[in-house]
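The primary structure of each chain is shown beneath.
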Amino acid sequence: MKNLKTIFLVVAALVLVAAPVMAAALSADEIVERANKASYYVGKDGRAEVKMTITDSSGSTRNREFVILRKNLDGGDQKFYVYFKEPADVYKMAYLVWKNVGKADDRWLWLPALNLKKRIAPGDKRTSFAGSDFFYEDVSGRGTDEDSHELLEETAEQYVIKNVPKSPDEVEFAWFKVAIDKKSFLPVKAEYYDRNGELYREVEALKVETIQGYPTVTVAEARDLKANSSTRNEFSAVTYDIGLNERIFTERFLRRPPREIR
């Protein structure tokens, strides 16, 4: 009997050693945080050239071309600088964002045709960016603490997260859901629903490439389903960890672009 007990203990120990160590399931909040980092915090800084194509309900198109610079700061704060090169009606227009974790972001827009520097109010962050179907908030990302998160579905390839705003009076949507790739943690599609439960807006990553070892969205599209319009952004000359100086991201460079945008 003693020998049988000893054999049983040995077998049990071997089973425990051989059993695979299962990774703890991620919470909805953890998934959203990882997706936010994968989308907006790659490297220490970054630069990209963007071709924007806006298509209205009649099929007519308008183009924009701009350069976007980003720099990560301590504590999760960031700074973004956008400079428009084409066409003539937006040439030299510039957009500056100071992303402040845990509080409202600071945003400025320089309109050279009017010789006007405009402060963008926090309530305007979910309005059209340069006449497109993207919003100002899409440039730098939405704060992960602004919504409550719930895991709706998990497949072999994706997580699907439902996000409900904590301050519903400050946004136009009632909730939105995001499909997040499990391998790269990049959001691949976001769907926005109004207070009647109707889907009215989509933002989708149409192409992802690996650049300097980082999965990167190189084609993205925003669609206004009610207006039947869409905007496609194509990113090129994407580079990371280029050593951008923080002085670039100041109001003085709204009027005079830094050499890094050339």
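Computed from a prediction, not measured in an experiment: that's the story for all the values here. (Residues numbered from 1 in each chain as written. Predicted model: local features only at pLDDT ≥ 70, side-chain atom pairs only at ≥ 80, totals over all residues. Heavy atoms only, no water.)

(A) Representation of a negative patch on the surface in the model. Where like charges cluster on the molecular surface, the negative patch consists of Asp-29, Glu-30, Glu-33 and Asp-145. With respect to the helices, strands and loops of the structure, Asp-29 is situated in helix 2 (residues 28–40). (Patch = residues over 30% accessible without salt bridge, like charges linked within 9 Å, V, L, I, M, F, W, Y side chains within 5 Å. Areas by Shrake-Rupley, 256 points an atom, 1.4 Å probe, with all protein chains shown as cover. Salt bridge = Lys/Arg side-chain N within 4 Å of Asp/Glu carboxyl O. Lys, Arg positive; Asp, Glu negative; His and termini not counted. Charge placed at Lys NZ, Arg CZ, Asp CG, Glu CD. Helix = DSSP H or I, 4+ residues; strand = E, 2+ residues; numbered from the N terminus.)

(B) The arrangement of the packing of aromatic side chains in detail. Taken as a whole, this structure holds 13 aromatic pairs when the rule is applied. An aromatic cluster of at least three residues, connected via ring pairs, comprises Phe-66, Phe-84, Tyr-95, Phe-129 and Tyr-136. For Lys-162, the ring lying beneath its charged end belongs to Trp-175, and the centroid distance is 4.7 Å. (Phe/Tyr/Trp six-rings, centres within 6.5 Å; stacked < 30°, edge-to-face > 60°. Lys NZ or Arg CZ within 6 Å of the ring centre and 35° of its normal.)

(C) Region of the structure containing the pairing of strand 3 (residues 78–86). With respect to burial, strand 3 is a largely interior element, seven of its nine residues being buried. Bridge count for strand 2 (residues 61–72) against strand 3 is eight bridges, and the pairing is antiparallel. Across the sheet, the residue bridging to Arg-70 is Phe-80, located in strand 3. Direction of pairing for strand 3 relative to strand 4 (residues 94–99): antiparallel, over a ladder of six bridges. Its bridge partner lying in strand 4, Phe-80 is registered against Val-97. (Buried < 20%, exposed > 50% of the residue type's maximum accessible area, 1.4 Å probe, protein only. Pairing = 2+ DSSP bridges.)

(D) Quick peek at the confidence of the model for the protein. With 91% of its residues at a pLDDT of 70 or more, the protein shows a mean pLDDT of 91. Counting contacts from residues 4–22, a segment whose pLDDT is below 50, to residues more than four positions away or on other chains yields zero contacts. (pLDDT = per-residue confidence, 0-100. Contact = heavy atoms within 4.5 Å.)

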